[in-house]
Amino acid sequence: MFRQLYISALCYLGFGIDIDHNGPYPAFMLSNLEPYKFVFRGKQFLSIESLFQGLKYRDIAQQNRVFGKVGIDAKVRRARSNWQASQTLYWQGEPMGRHSKEYKDFIDEAYAALAANSDFCEALLATGNKCLYNSYAKTNSSKTVLTAKEQCKALMRLRKKLKDSAP
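Model, not experiment: these values are computed from the prediction. (Residues numbered from 1 in each chain as written. Predicted model: local features only at pLDDT ≥ 70, side-chain atom pairs only at ≥ 80, totals over all residues. Heavy atoms only, no water.)

(A) Looking closely at the side chain of Gln 63. Relative to the helices and strands, Gln 63 is located in helix α3 (residues 60-67). Here the side chain of Gln 63 touches Tyr 90 through a polar contact of 2.6 Å, landing on its backbone oxygen. Those residues within four positions of Gln 63 in sequence are excluded, and the remaining contacts are Gly 54, Leu 55, Tyr 57, Tyr 90, Trp 91, Gln 92 and Gly 93. (Helix = DSSP H or I, 4+ residues; strand = E, 2+ residues; numbered from the N terminus. Polar contact = N/O pair within 3.5 Å; in protein donor to acceptor, adjacent residues only side chain to side chain. Contact = heavy atoms within 4.5 Å.)

Here it is, written out as C-alpha coordinates:
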(Lines give C-alpha, C1' and ligand atoms only; values in the text may rest on other atoms or scores of the structure.)
Protein backbone atom coordinates (compact mmCIF):
# COMPACT_ATOMS: atom_id res chain seq x y z
CA MET A 1 0.00 0.00 0.00
CA PHE A 2 2.77 2.46 0.94
CA ARG A 3 4.61 1.52 -2.26
CA GLN A 4 1.55 2.38 -4.38
CA LEU A 5 1.09 5.73 -2.61
CA TYR A 6 4.76 6.60 -3.02
CA ILE A 7 4.70 5.77 -6.74
CA SER A 8 1.44 7.69 -7.19
CA ALA A 9 3.01 10.75 -5.58
CA LEU A 10 6.12 10.53 -7.79
CA CYS A 11 3.99 10.23 -10.90
CA TYR A 12 1.65 13.03 -9.83
CA LEU A 13 4.69 15.29 -9.42
CA GLY A 14 5.82 14.38 -12.94
CA PHE A 15 8.84 12.29 -12.00
CA GLY A 16 7.59 9.00 -13.37
CA ILE A 17 4.96 6.96 -15.12
CA ASP A 18 3.06 4.16 -13.41
CA ILE A 19 2.41 1.35 -15.89
CA ASP A 20 -1.24 0.41 -15.53
CA HIS A 21 -3.55 -1.17 -18.09
CA ASN A 22 -6.28 1.21 -16.85
CA GLY A 23 -4.00 4.25 -16.79
CA PRO A 24 -3.62 7.17 -19.21
CA TYR A 25 -1.44 7.15 -22.32
CA PRO A 26 1.34 6.00 -22.50
CA ALA A 27 1.02 4.02 -19.23
CA PHE A 28 -1.63 1.59 -20.43
CA MET A 29 0.26 0.97 -23.68
CA LEU A 30 3.23 -0.38 -21.71
CA SER A 31 1.16 -2.87 -19.72
CA ASN A 32 1.99 -6.52 -20.34
CA LEU A 33 -1.75 -7.03 -20.81
CA GLU A 34 -1.95 -4.68 -23.80
CA PRO A 35 -2.59 -6.61 -27.03
CA TYR A 36 0.37 -6.28 -29.38
CA LYS A 37 1.23 -8.63 -32.20
CA PHE A 38 4.91 -9.50 -32.38
CA VAL A 39 7.21 -12.39 -33.27
CA PHE A 40 9.68 -13.82 -30.80
CA ARG A 41 12.00 -16.70 -31.66
CA GLY A 42 9.82 -17.62 -34.62
CA LYS A 43 6.54 -17.70 -32.67
CA GLN A 44 3.68 -15.23 -33.07
CA PHE A 45 2.36 -13.57 -29.90
CA LEU A 46 -0.68 -11.42 -29.25
CA SER A 47 0.67 -9.89 -26.03
CA ILE A 48 3.83 -10.13 -24.00
CA GLU A 49 1.75 -11.38 -21.05
CA SER A 50 0.96 -14.55 -23.01
CA LEU A 51 4.70 -15.12 -23.46
CA PHE A 52 5.44 -14.72 -19.75
CA GLN A 53 2.46 -16.84 -18.64
CA GLY A 54 3.35 -19.57 -21.13
CA LEU A 55 6.80 -19.94 -19.60
CA LYS A 56 5.18 -21.69 -16.63
CA TYR A 57 4.33 -24.70 -18.79
CA ARG A 58 6.88 -27.41 -19.45
CA ASP A 59 4.56 -29.14 -21.93
CA ILE A 60 5.10 -27.52 -25.33
CA ALA A 61 1.50 -27.99 -26.53
CA GLN A 62 0.11 -26.34 -23.37
CA GLN A 63 2.68 -23.59 -23.63
CA ASN A 64 1.79 -22.88 -27.25
CA ARG A 65 -1.92 -22.67 -26.34
CA VAL A 66 -1.14 -19.97 -23.77
CA PHE A 67 1.11 -18.21 -26.28
CA GLY A 68 -1.98 -17.85 -28.49
CA LYS A 69 -3.97 -15.97 -25.84
CA VAL A 70 -4.21 -12.22 -25.35
CA GLY A 71 -3.33 -10.28 -22.19
CA ILE A 72 -5.69 -10.96 -19.33
CA ASP A 73 -6.94 -14.19 -20.93
CA ALA A 74 -3.40 -15.59 -20.79
CA LYS A 75 -3.03 -14.48 -17.18
CA VAL A 76 -6.36 -15.97 -16.11
CA ARG A 77 -5.47 -19.30 -17.73
CA ARG A 78 -2.05 -19.44 -16.13
CA ALA A 79 -0.36 -22.70 -15.29
CA ARG A 80 -1.22 -24.81 -12.32
CA SER A 81 2.38 -25.88 -12.05
CA ASN A 82 5.05 -26.07 -9.44
CA TRP A 83 7.31 -23.55 -11.15
CA GLN A 84 7.48 -21.52 -7.93
CA ALA A 85 8.76 -24.52 -5.96
CA SER A 86 11.45 -25.30 -8.53
CA GLN A 87 11.97 -21.69 -9.70
CA THR A 88 12.16 -23.14 -13.21
CA LEU A 89 10.52 -21.72 -16.32
CA TYR A 90 10.47 -23.25 -19.80
CA TRP A 91 10.95 -22.15 -23.36
CA GLN A 92 9.69 -24.85 -25.74
CA GLY A 93 10.51 -27.59 -23.25
CA GLU A 94 13.95 -26.25 -22.29
CA PRO A 95 14.32 -25.29 -18.62
CA MET A 96 15.50 -21.87 -17.49
CA GLY A 97 16.31 -20.89 -13.92
CA ARG A 98 14.03 -18.06 -12.81
CA HIS A 99 16.93 -16.12 -11.28
CA SER A 100 19.52 -16.87 -13.96
CA LYS A 101 21.34 -14.45 -16.25
CA GLU A 102 19.88 -16.53 -19.09
CA TYR A 103 16.40 -15.53 -17.95
CA LYS A 104 17.30 -11.85 -17.56
CA ASP A 105 18.67 -11.89 -21.11
CA PHE A 106 15.50 -13.70 -22.26
CA ILE A 107 13.36 -10.88 -20.83
CA ASP A 108 15.44 -8.26 -22.65
CA GLU A 109 15.22 -10.26 -25.89
CA ALA A 110 11.44 -10.57 -25.54
CA TYR A 111 10.95 -6.83 -25.04
CA ALA A 112 13.31 -6.11 -27.95
CA ALA A 113 11.08 -8.32 -30.14
CA LEU A 114 8.02 -6.45 -28.88
CA ALA A 115 9.70 -3.17 -29.91
CA ALA A 116 9.24 -4.22 -33.54
CA ASN A 117 5.60 -3.25 -32.95
CA SER A 118 5.49 0.44 -33.85
CA ASP A 119 2.62 1.29 -31.46
CA PHE A 120 4.51 -0.17 -28.50
CA CYS A 121 7.73 1.52 -29.56
CA GLU A 122 5.99 4.89 -29.93
CA ALA A 123 4.43 4.57 -26.45
CA LEU A 124 7.74 3.62 -24.86
CA LEU A 125 9.51 6.59 -26.44
CA ALA A 126 6.63 8.87 -25.35
CA THR A 127 7.74 8.31 -21.74
CA GLY A 128 10.72 10.56 -22.43
CA ASN A 129 13.26 10.23 -19.65
CA LYS A 130 10.78 9.57 -16.88
CA CYS A 131 11.35 6.72 -14.50
CA LEU A 132 8.94 3.83 -15.08
CA TYR A 133 7.10 2.12 -12.23
CA ASN A 134 4.48 -0.58 -11.91
CA SER A 135 2.77 -0.20 -8.56
CA TYR A 136 0.40 -3.11 -9.20
CA ALA A 137 2.90 -5.82 -10.18
CA LYS A 138 4.34 -8.24 -7.66
CA THR A 139 7.74 -7.49 -6.16
CA ASN A 140 8.85 -10.95 -4.99
CA SER A 141 10.76 -12.66 -7.81
CA SER A 142 10.08 -16.09 -6.33
CA LYS A 143 6.32 -15.55 -6.73
CA THR A 144 6.10 -14.08 -10.24
CA VAL A 145 7.79 -14.55 -13.60
CA LEU A 146 8.36 -10.80 -13.91
CA THR A 147 8.54 -8.37 -11.01
CA ALA A 148 7.67 -4.71 -11.28
CA LYS A 149 11.34 -3.80 -11.01
CA GLU A 150 12.39 -6.30 -13.71
CA GLN A 151 9.70 -5.05 -16.07
CA CYS A 152 10.53 -1.39 -15.58
CA LYS A 153 14.29 -1.86 -15.81
CA ALA A 154 13.89 -3.89 -19.02
CA LEU A 155 11.67 -1.19 -20.50
CA MET A 156 14.06 1.61 -19.53
CA ARG A 157 17.05 -0.32 -20.96
CA LEU A 158 15.12 -0.84 -24.18
CA ARG A 159 14.07 2.82 -24.30
CA LYS A 160 17.71 3.87 -23.98
CA LYS A 161 18.75 1.52 -26.81
CA LEU A 162 15.98 2.87 -29.02
CA LYS A 163 17.00 6.46 -28.33
CA ASP A 164 20.70 5.70 -28.85
CA SER A 165 20.01 4.04 -32.21
CA ALA A 166 17.72 6.80 -33.49
CA PRO A 167 19.15 8.90 -36.35
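(B) Seen up close, α3. Among the residues of α3, Gln 63, Val 66 and Phe 67 are the ones counted as buried. Taken end-on, α3 shows its buried residues confined to a sector of 105°, consistent with a single buried face. A distance of 3.3 Å separates the backbone nitrogen of Ala 61 from a side-chain oxygen at the start of α3, and that oxygen is part of Asp 59. (Buried < 20%, exposed > 50% of the residue type's maximum accessible area, 1.4 Å probe, protein only. Arc of directions from axis to C-beta.)

(C) Seen up close, the nonpolar core. Judged by nonpolar contacts, the single largest core of 38 residues is most densely connected at Leu 51, Tyr 111 and Phe 120. Sorting the residues of this core by element identifies β2 (38-40), α2 (48-54), β4 (88-91), α6 (101-114), α7 (118-125) and α8 (148-165) as the ones contributing at least two each. The leading source of residues in this core is α6, at seven residues. Among residues more than four places away in sequence, those in contact with Phe 120 are Met 29, Leu 30, Tyr 36, Tyr 111, Leu 114, Ala 115, Leu 155 and Leu 158. (Core = buried A, V, L, I, M, F, W, Y, C linked by side-chain atoms within 4.5 Å.)

(D) Looking closely at the side chain of Ser 31. As for its position among the elements, Ser 31 is in the loop between β1 (16-18) and β2. Engagement of the side chain of Ser 31 in a polar contact is seen with the backbone nitrogen of Leu 33, the distance being 3.0 Å. Excluding anything up to four places from it in sequence, Ser 31 contacts Ile 19, Asp 20 and His 21.

(E) A look at the packing of α6 against α8. Close contact between α6 and α8 brings their axes to 10 Å; oriented N to C, the two are set at 55°. Overall, the two elements α6 and α8 adopt an arrangement that is oblique. Judged by the sense of rotation from one axis to the other, the crossing of α6 with α8 is right-handed. Contacts between α6 and α8 involve Lys 104, Ile 107, Asp 108, Tyr 111 and Ala 112 from the first element and Gln 151, Ala 154, Leu 155, Arg 157 and Leu 158 from the second. Grouping the constituent residues of the contact of α6 with α8 by class yields six nonpolar, one polar and three charged. (Axes fitted to C-alpha atoms, helices over the stretch in contact; angles between N-to-C directions. Parallel < 35°, antiparallel > 145°, perpendicular 65-115°, else oblique. Left-handed = near helix turned anticlockwise from the far one by under 90°. Nonpolar A, V, L, I, M, F, W, Y, C, P; charged D, E, K, R; others polar.)

(F) Inspection of the environment of Tyr 36 at higher detail. By the element assignment, Tyr 36 lies in the loop between β1 and β2. Assessed through its relative accessible area of 5%, Tyr 36 is described here as buried. Measuring from C-alpha to C-alpha, the distance between Tyr 36 and Leu 46 comes to 5.2 Å, with 10 residues separating the pair along the chain. Ignoring any residue separated from it by four or fewer positions in sequence, one finds Tyr 36 in contact with Met 29, Phe 45, Leu 46, Ser 47, Leu 114, Asn 117, Asp 119 and Phe 120. Of the polar contacts made by the side chain of Tyr 36, one reaches the backbone oxygen of Met 29; its length is 2.6 Å.

(G) Region of the structure containing the pairing of β4. Of the two faces of β4, both are covered, the one formed by Thr 88 and Tyr 90 as well as the one formed by Leu 89 and Trp 91. Relative to strand β5 (residues 94-97), β4 is paired through four bridges, and the arrangement is antiparallel. Bridged to Thr 88 within β5 is Gly 97. Turn length for the β4-β5 hairpin, with the two strands adjacent in sequence and antiparallel, is two residues, and the turn residue Gln 92 shows positive phi of about 50°. (Pairing = 2+ DSSP bridges.)

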